[in-house]
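# Analysis of the macromolecular model
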Amino acid sequence: MMSKGRGSAVVAAAAAVCLLMLLTSEVAQAATYKVGGAGGWTFNVAGWPKGKRFRAGDVLSFDYVKGTHNVVVVNMAGYDSCKAPSNAIVYSSGKDQIKLVKGKNFFICTYQGHCESAMKIAVTAT
């Protein structure tokens, strides 16, 4: 009888280890991207996402000098018009880390003239 109990415990432990490995591997697959590459979050970055593949859970790192720009999460209308709604989420630390959600993600800088100077990105995450 005792060996049956130990066998069940071993199977349960192995299942727990497998589950932990699955969860860990999913987290390990998330990538971090520095928006704009070496130049960071600045003018003329609208084309930066082109050719890149993004997944939900990936992190965009917006690096810029605090006080010179911001990052505002908007919808497509806000992206197209360079206008953020009053309830938009605004980041301004200069080292903003934003996790992508599945689907379309839009970001702009709302400092005067910046979005109009292509300081905006649209990213689709699968």
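To start, this report covers the structure provided alongside it. (Residues numbered from 1 in each chain as written. Predicted model: local features only at pLDDT ≥ 70, side-chain atom pairs only at ≥ 80, totals over all residues. Heavy atoms only, no water.)

## Describing the side chain of D63
Here D63 lies in strand 2 (residues 59-63). Buried and without a salt bridge, D63 has K34 as its closest oppositely charged side chain, separated by 4.0 Å. Within the structure, the side chain of D63 is placed 3.2 Å from the side chain of S61, a separation counted as a polar contact. (Helix = DSSP H or I, 4+ residues; strand = E, 2+ residues; numbered from the N terminus. Buried < 20%, exposed > 50% of the residue type's maximum accessible area, 1.4 Å probe, protein only. Lys, Arg positive; Asp, Glu negative; His and termini not counted. Salt bridge = Lys/Arg side-chain N within 4 Å of Asp/Glu carboxyl O. Polar contact = N/O pair within 3.5 Å; in protein donor to acceptor, adjacent residues only side chain to side chain.)

## What about the packing of aromatic side chains?
Each pair of aromatic rings is reported with the distance of its centres and the angle of its planes. Scanning all chains against the criterion turns up five aromatic pairs. Summarising the aromatic geometry, the rings of Y33 and F54 are spaced 4.8 Å apart at their centres and angled 65 degrees between planes, so their arrangement reads as edge-to-face. One end of the pair, Y33, is in strand 1 (residues 32-34); the other, F54, is in the loop between strand 1 and strand 2, and 21 residues separate them in sequence. Judged by centre distance (5.9 Å) and plane angle (45 degrees), the rings of W48 and F54 are tilted. As far as the burial class goes, W48 and F54 line up, both buried. Aromatic rings pair up to connect Y33, W48 and F54 into one cluster. (Phe/Tyr/Trp six-rings, centres within 6.5 Å; stacked < 30°, edge-to-face > 60°.)

Purely geometric numbers; function is a separate question.
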